[in-house]
Amino acid sequence: MSKEKRKKEKKDWRAEMAKKIEEEKKREEEEARLSGRRPRPMKMPERGFGGGGGGRGMQGGDRAKNFSVSIKKLIKHARRYAPALIVGMIFAFIGAAATLFGPGVSRDVTNTILAGIDYTIDVDRIVRLCVTVLCIFGVGALASYAQGMIMVTATQRFGQGLRTEISQKINRLPLKFFDSATFGDILSRVTNDVDTIAMSMNQSIGMIVTSATSILGALLLMFLTNVLMTVTAIVATIMGFFFMSIIMKNSQKHFRRNQRHLGELNGHIEEIYSGHNVVKAYNGERMATEFFDEINADLYDANWKSQFLSGLMMPVMSFVSNFGFVAVCVVGAVLAFNGTITFGVIVAFMFLVRLFTQPLGQVAQAMTSMQSAAAAAERVFDFLEAEDMPDESGVTETLTDVTGNVEFENVVFGYNPEKTVIKNFSADIKAGQKVAIVGPTGAGKTTIVNLLMRFYDTNSGEIKVDGVPISELTRENVHALFCMVLQDTWLFEGTIKENVIYNKKDVTDQAVIDACKSVGLHHFIKTLPQGYDTLLTDNVTISAGQKQLLTIARAMIENSPLLILDEATSSVDTRTEVLVQRAMDKLTEGRTSFVIAHRLSTIRNADIILVMRDGDIVESGSHNELIEAGGFYADLYNSQFEEAS
């Protein structure tokens, strides 16, 4: 099957799955309406199937890349480690230079032996020469050891620094970036790509310095020893450079493809397993497997071609090295037979040719490694150079003693310029009021929360807290004004206590216990082996409802002046909901609260109900007022409860 046909089939399959989910959602909502319960949330995975989705613009290899540009960026980022790298290169130079004394000593030893064949061999001189060369080689070995230790430390520190930059970059990126990027691909950049860069630099930098020193030093000694034999060796190696340049030119694109497909594969696996239940429920295993096989085949093809082409470098250079060795031996034998040179010169040249041609193979290996580093660096730097959130260095105003008045003034917003989600939204909420936001799916309810928290900035209009536009406050300050309980729970691997007091300082054990008692979770926690110190891992069974209760307890501990409840009781049963609702009523006391709910029975006691439809407020008022008005809210309410009763 062609790739285009497979892509079309995948697109059709996704459309079919979306249709089935929508049908299932409508059926569930109808059953919920008749039974009076909350419908189960059902949705497609948010990222494109297969992990390549909207984030492909961020993946290396999708457009023409420049090897030299990536290497320059690596050098620029490595400037802080320049002293260590320079010291490492100096030791590499010393280690390589020490080996250059070997051929000269071998020549002198050979000539000394030949000179004493007919007389007396100067054993003392030979011993002195051997001891000298052993000392020199010992110094070279120590220098090589020091170089290895320094380079490993410096390159791993560099990798650590890159990961830190990526971690900090993630916190500076706007949420809209993650709407079009896959988590698996980002993870691949943090792990695979950074590791590739660090390992390649560790293997390549010292090798290049050592090889360059050996090549230049050997070349100089060869010219000083015999010009004709040197020219013979150079001509032989030119052939190697020619073939090596052709191989490098053709292999670089496959290294880029390899890194890109690896990111796609990680993204696909992350997405499929995060939505495993949906894939299983709609028999999507075949399509998921086929798409995995397609990416896996592309990865194999790119990896095979890159490794095969780069693997040709060593055999080519080995052949050239042996060819040069034979050529030098033949020319040297002719010159020695004619009395132009001594046999000691031939012996020395045999060593020098090895010192000249062998590093060429090491250079080829180092260049192969640097190609991998360049391909990985392109992806890492693409991520690091993505557009940040607007700079807030000039924002100095903060809110500390907050009353809780919130005002929306002609707010207009769209996640992309082509589609406006919120259209001229205005509302005036007084401090301490409980505000419910209701409306059908897609009306813009959750978007209002995202704007309140400054997860996104408005296209036009203002949102004010106590008369101060939140655009004039730092995002960190705005986030500190709210405590949130969302429909999607989030718990990390830590103890129950650590999850409840997340990022909150100086919280007493009694405060944690009181919060958990308020949501009816204390008894369950006490049944666990370590109680509040129980570590939440895959080995601890905790239901979706209990996870939601923990996030509600977390909001109680946060104790911020403003509160957001986005379908906060979505994962609890009807009996538990009564207890949670009481806790919520206690939590909302004295706070300006924004409650998003589909189950309208939970917001009948709200001070103000904002009814949204297509991004606008179509009605507002108390529950009784809206019911008496007999408008859109009354229709929503009656559709949930009249037939069920």
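Here, the structure is the one placed above.
In this text the structure is predicted, and so the values were computed from the model without any measurement.

Thresholds applied
- Residues numbered from 1 in each chain as written.
- Predicted model: local features only at pLDDT ≥ 70, side-chain atom pairs only at ≥ 80, totals over all residues.
- Heavy atoms only, no water.
- Helix = DSSP H or I, 4+ residues; strand = E, 2+ residues; numbered from the N terminus.
- Buried < 20%, exposed > 50% of the residue type's maximum accessible area, 1.4 Å probe, protein only.
- Contact = heavy atoms within 4.5 Å.
- Areas by Shrake-Rupley, 256 points an atom, 1.4 Å probe, with all protein chains shown as cover.
- Expected span 1.5 Å × (residues − 1).
- Polar contact = N/O pair within 3.5 Å; in protein donor to acceptor, adjacent residues only side chain to side chain.
- Core = buried A, V, L, I, M, F, W, Y, C linked by side-chain atoms within 4.5 Å.
- Salt bridge = Lys/Arg side-chain N within 4 Å of Asp/Glu carboxyl O.
- Pairing = 2+ DSSP bridges.
- Axes fitted to C-alpha atoms, helices over the stretch in contact; angles between N-to-C directions.
- Phe/Tyr/Trp six-rings, centres within 6.5 Å; stacked < 30°, edge-to-face > 60°.
- Lys NZ or Arg CZ within 6 Å of the ring centre and 35° of its normal.

**Student:** Explain the overall build of the protein here, please?
**Tutor:** When you go through the protein residue by residue, the secondary structure sums to 21 helices and 10 strands. Every one of the 645 residues in the protein was classed for burial, and the buried ones make up 47%. Look at the contacts in the protein between residues 6 or more apart in sequence, and 79% of them connect residues 24 or more apart. Surface accessibility of the protein: about 32300 Å² in total, with carbon and sulfur atoms responsible for 57%.

**Student:** Would you mind going over helix H18 (residues 544-558) with me for this structure?
**Tutor:** For the α-helix, the turn length of 3.6 residues means that residues three or four positions removed from each other point alike. With 15 residues, H18 extends 21 Å between its outermost C-alpha atoms, agreeing within 8% with the 21 Å of an ideal straight helix rising 1.5 Å per residue. When we look at burial in H18, the residues that qualify are Gly545, Gln546, Gln548, Leu549, Leu550, Thr551, Ile552, Ala553, Arg554, Ala555, Met556 and Ile557. Two residues or fewer past H18, asparagine 559 is found with a positive phi of approximately 55°.

**Student:** Teacher, can you tell me more about the side chain of lysine 464 here?
**Tutor:** Structurally, the position occupied by lysine 464 is in strand S4 (residues 460-465). One polar contact links lysine 464 to glutamate 409, side chain to side chain, over a distance of 3.3 Å.

**Student:** Can you help me understand the nonpolar core in this one?
**Tutor:** Where a protein is soluble and globular, its nonpolar side chains tend to be buried together. Judged by nonpolar contacts, the single largest core of 42 residues is most densely connected at Ile496, Val500, Cys516, Val519, Ile603, Ile609 and Tyr633. The biggest single contributor to this core is H18, with 7 residues. Other than its neighbours up to four places away in sequence, isoleucine 603 contacts Ala436, Val438, Val595, Ala597, Ile609 and Tyr633. Core analysis: the next-biggest nonpolar cluster, separate from the first, contains 35 residues, Ile422, Ile437, Ile463 and Ile596 among them.

**Student:** What is the right way to read the pattern of salt bridges from this model?
**Tutor:** Side-chain pairs of opposite charge can arise whenever the charged atoms involved come near each other. Applying the stated criterion to the full structure yields 11 salt bridges. For glutamate 409, the salt bridge is made with lysine 464, and the minimal N-O distance between the two is 3.3 Å. With glutamate 409 in strand S1 (residues 406-413) and lysine 464 in strand S4, this pair connects stretches of sequence that are 55 residues apart. For glutamate 409, a relative accessible area of 26% gives the class partly exposed. In the salt-bridge network here, residues are joined through shared partners; they are Lys169, Arg172 and Asp388.

**Student:** Would you mind going over the environment of lysine 423 with me for this structure?
**Tutor:** In this structure, lysine 423 sits in strand S2 (residues 422-429). Considering only alpha carbons, one finds lysine 423 and aspartate 614, 191 residues apart in sequence, at a separation of 8.1 Å. Sequence-distant contacts of lysine 423, defined by excluding residues within four places in its chain, comprise Val411, Asp614, Gly615 and Asp616.

**Student:** Please explain the sheet that holds S2 as it appears in this structure.
**Tutor:** Within a beta sheet, neighbouring strands are joined by backbone hydrogen bonds and run either parallel or antiparallel to one another. Spatially, the 4 strands line up as an open sheet ordered S2-S1-S4-S5, and their pairing is antiparallel. Strands with a single pairing partner mark the edges of an open sheet, and in this sheet they are S2 and strand S5 (468-469). As defined by bridge partners, S4 adjoins S5 across 2 bridges and the pair is classed as antiparallel. Note that in S5 the partner of lysine 464 across the bridge is proline 469.

**Student:** Explain the environment of asparagine 405 here, please?
**Tutor:** By the element assignment, asparagine 405 lies in the loop between helix H12 (343-384) and S1. For asparagine 405, a relative accessible area of 32% gives the class partly exposed. For the pair asparagine 405 and glycine 432, spaced 27 residues apart in sequence, the C-alpha separation works out to 8.0 Å. Within polar-contact distance, the side chain of asparagine 405 engages the backbone nitrogen of alanine 431 at 2.9 Å.

**Student:** What should I look at first to understand the sheet that holds strand S6 (residues 482-485) in this one?
**Tutor:** Read from one edge to the other, the open sheet built from 6 strands follows the order S6-S7-S8-S3-S9-S10, with strand pairing classed as mixed. On the outer flanks of this sheet lie S6 and strand S10 (616-621), each paired with one strand and no other. Averaged over all pairs of adjacent strands, the angle between their axes in this sheet comes to 20°, without regard to strand direction. In the sheet, S6 pairs with strand S7 (residues 562-566) via 4 bridges, with the strands oriented parallel. Within S7, the residue paired with valine 485 across the bridge is leucine 565.

**Student:** What is the right way to look at the packing of aromatic side chains in this model?
**Tutor:** What describes a pair of aromatic rings is the distance from one ring centre to the other and the angle between the planes of the rings. Taken as a whole and judged by the stated rule, the model has 8 aromatic pairs. Centre to centre, the rings of tyrosine 633 and tyrosine 637 are 6.3 Å apart; their planes meet at 25°, and the pair counts as stacked. Taken together, the residues span about one helical turn, with tyrosine 633 and tyrosine 637 both in helix H21 (residues 632-641) at a distance of 4 residues. Judged on exposure class, the residue tyrosine 633 and its partner tyrosine 637 are both buried. Taken together, Phe413, Tyr415 and Tyr456 form an aromatic cluster joined through their ring pairs. Seen from the ring of phenylalanine 632, arginine 613 lies directly overhead, with NZ or CZ sitting 4.4 Å from the centre.

**Student:** Even after reading the chapter, I still don't get the pairing of S4, so can you show me in this structure?
**Tutor:** The side chains of a regular strand alternate, residue by residue, between the two faces of the sheet. Across 5 bridges, the pairing between S1 and S4 is antiparallel. Bridging across to S4, glutamate 409 finds its partner in glutamate 462.

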